[in-house]
Amino acid sequence: MKKTLWVIGLSSIVLLTACNSKVVEKKEEGKYSVTSPLMIDTCYFKDYVAQIQSIKKIEIRPKIEGYIETVNVDEGQHVNAGQVLFTIRPKEYQAELLKANAEAKTAEIELQNTKILDDGKVVSPTEMEVAKAKLEATKAEQTIAEINLSYTKIVAPFDGFIDRLYFKAGSLVDNSSLLTTLSNNTEVYAYFNVSEVEYLNYKNHQSNDDSKNVSLILANNHEFDHKGIIQTIAQEFDNNTGNISFRAKFPNPDLLLKNGETGKVQMKIDIKNALIIPQKATYDIQDKIYVYVLDENNTLKSRNITVKQSLSNLYIVESGLNVNDKILLEGLQLVKDEDKIVPNYIHPKQVIQNLQLIKQ
């Protein structure tokens, strides 16, 4: 029994010694993979919070006062241009038109009588002018009465969809009463705000038609089936936010998008001569990003870098590195500043290919 325990103990010591030897051997060897930043033309996609608005949307209000006689539509219903939506009780306005017609007829008869008297030099020229003016005034009243009567039929000015109905038949309304809203959603606008720097970058690449094409990410994080295009940019910046408003237009043949909906417009941002490195070649200290740079003596020096944009597993470096620098790619947790290593250089294109993020 004792002999068996002795053999097991000896075997453990031999195994432990072998493992420790491998650790020492690896540490003494000090061979680590290094690479360099890669300078390429690339792009990334940025999302902007957007507000969706119908390409056409108006409030439907009566132009006259009266009682709603009929409501000819329902909420959510599609209507055509010229279709009658509401009717206001017309009796009062029909009576006003009859009265205006009668007054116009009377004024016309008076003018004819005055003209006969004027031909016989019985009345003065002034009386003739008064009769003419009275006829013109009654005709104007007649026209107003005709217009008011036509306003008792409230029609759709364009094809669209009826929103919520705020009044029922029998309600008393006037020209301040909102009856409903009418919207045409076959196409929609997406409004979003862009910073001054991003605006200038966009203008620099505006000659590229591809830069105007945008996608729309819906509230459920699904991409909208149809691409949009940037149409207009506001003429001034918001002094409070430093942003400027963009407007993109999207086709909406399935009428999925509604006025007031929210989403995110996704823009493609092109970058010329971007300096990229793998994220795994960096480490963070107090919200700052560092890399280990290899000097001419193969000694590691930590260096703070500024990141312009974070991509999937990649950083676009704004400052702190150049294409000739060699940086530690792996084993960052095993080394420290001023350590000397044996570099195993891997070309940056190969590194990026291994990450399967950029197609050559």
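Above: the structure in question.
Just so we're clear, the structure is a prediction, and the values are computed from it rather than from any experiment.

(A) Local environment of the overall build of the protein. The helix and strand inventory of the protein stands at 5 helices and 19 strands. Within the protein, the fraction of its 360 residues that count as buried is 35%. Of the roughly 22,300 Å² that the protein leaves accessible, carbon and sulfur atoms contribute 50%.

(B) Molecular detail of the side chain of Thr-35. Looking at the secondary structure, you find Thr-35 in strand 1 (residues 31-35). Classification of Thr-35 as buried rests on a relative accessible area of 1%. Side-chain polar atoms of Thr-35 contact the backbone oxygen of Ile-346, separated by 2.8 Å. In this structure Thr-35 touches Asp-325, Lys-326, Ile-327, Leu-329, Tyr-345, Ile-346, His-347, Pro-348 and Val-351, once residues within four positions along its chain are discounted.

(C) View of helix 5 (residues 348-355). Taken together, the buried positions of helix 5 are Pro-348, Val-351 and Ile-352. Projected onto a plane normal to the axis of helix 5, the buried residues spread over an arc of 95 degrees and lie on a single side. In this structure, the buried side of helix 5 is in contact with strand 1, strand 2 (38-60), strand 13 (262-278), strand 17 (314-319) and strand 19 (342-345).

(D) Spotlight on helix 4 (residues 196-204). For helix 4, every residue scored as buried is listed here: Glu-198, Tyr-199 and Tyr-202. In a view along the axis of helix 4, the buried residues occupy a sector of 105 degrees, so they form one face of it. In helix 4, the exposed positions angled more than 90 degrees off the buried face are occupied by Val-197 and Asn-204. Where helix 4 is buried, its residues touch strand 2, strand 9 (180-195), strand 11 (228-233), strand 12 (243-251) and strand 13.

(E) Expanded view of the nonpolar core. With 33 residues, the main nonpolar core has Phe-192, Leu-216, Phe-246, Phe-250, Val-265, Met-267 and Ile-276 as its most contacted residues. The residues contacting Phe-250, other than those within four sequence positions of it, are Glu-187, Val-188, Ala-190, Val-214, Ser-215, Leu-216, Phe-224, His-226, Lys-227 and Gly-228. Counting residues in each nonpolar core, the second largest holds 17 residues, with Ile-68, Val-79, Leu-85 and Leu-182 among its members.

(F) Local environment of the pattern of salt bridges. This model, assessed by the stated rule, comprises 11 salt bridges. Put simply, Lys-46 and Glu-198 hold a salt bridge, and the shortest N to O gap is 2.2 Å. Of this pair, Lys-46 sits in strand 2 while Glu-198 sits in helix 4, and the two are 152 residues apart along the sequence. Overall, Lys-46 belongs to the partly exposed group, its relative accessible area being 30%. Asp-325 is the salt-bridge partner of Arg-303, the closest N and O atoms lying 3.0 Å from each other. A residue pair is termed long-range when its members are at least 10 positions apart, and Arg-303 in strand 16 (residues 300-311) and Asp-325 in the loop between strand 17 and strand 18 (327-328) qualify at 22 residues.

(G) Structural detail: the packing of aromatic side chains. In this structure the tally under the stated criterion is 8 aromatic pairs. Plain terms: the ring middles of Tyr-48 and Phe-192 are 5.6 Å apart, the flat faces sit at 40 degrees to each other, and that makes the pair tilted. You can see Tyr-48 sitting in strand 2 and its partner Phe-192 sitting in strand 9, a full 144 residues away along the chain. A relative accessible area of 5% places Tyr-48 in the buried class. Taken together, a centroid distance of 6.2 Å and an interplanar angle of 70 degrees make the contact between Tyr-189 and Tyr-191 edge-to-face. For Tyr-191, a relative accessible area of 28% corresponds to the partly exposed category. Taken together, the aromatic side chains of Tyr-48, Phe-192, Tyr-202 and Phe-246 make up a single cluster linked through ring pairs. Just above the ring of Tyr-345 sits the side chain of Lys-326; from NZ or CZ to the centre is 5.4 Å.

Each value, and the rule that gives it
- Residues numbered from 1 in each chain as written.
- Predicted model: local features only at pLDDT ≥ 70, side-chain atom pairs only at ≥ 80, totals over all residues.
- Heavy atoms only, no water.
- Helix = DSSP H or I, 4+ residues; strand = E, 2+ residues; numbered from the N terminus.
- Buried < 20%, exposed > 50% of the residue type's maximum accessible area, 1.4 Å probe, protein only.
- Areas by Shrake-Rupley, 256 points an atom, 1.4 Å probe, with all protein chains shown as cover.
- Polar contact = N/O pair within 3.5 Å; in protein donor to acceptor, adjacent residues only side chain to side chain.
- Contact = heavy atoms within 4.5 Å.
- Arc of directions from axis to C-beta.
- Core = buried A, V, L, I, M, F, W, Y, C linked by side-chain atoms within 4.5 Å.
- Salt bridge = Lys/Arg side-chain N within 4 Å of Asp/Glu carboxyl O.
- Phe/Tyr/Trp six-rings, centres within 6.5 Å; stacked < 30°, edge-to-face > 60°.
- Lys NZ or Arg CZ within 6 Å of the ring centre and 35° of its normal.

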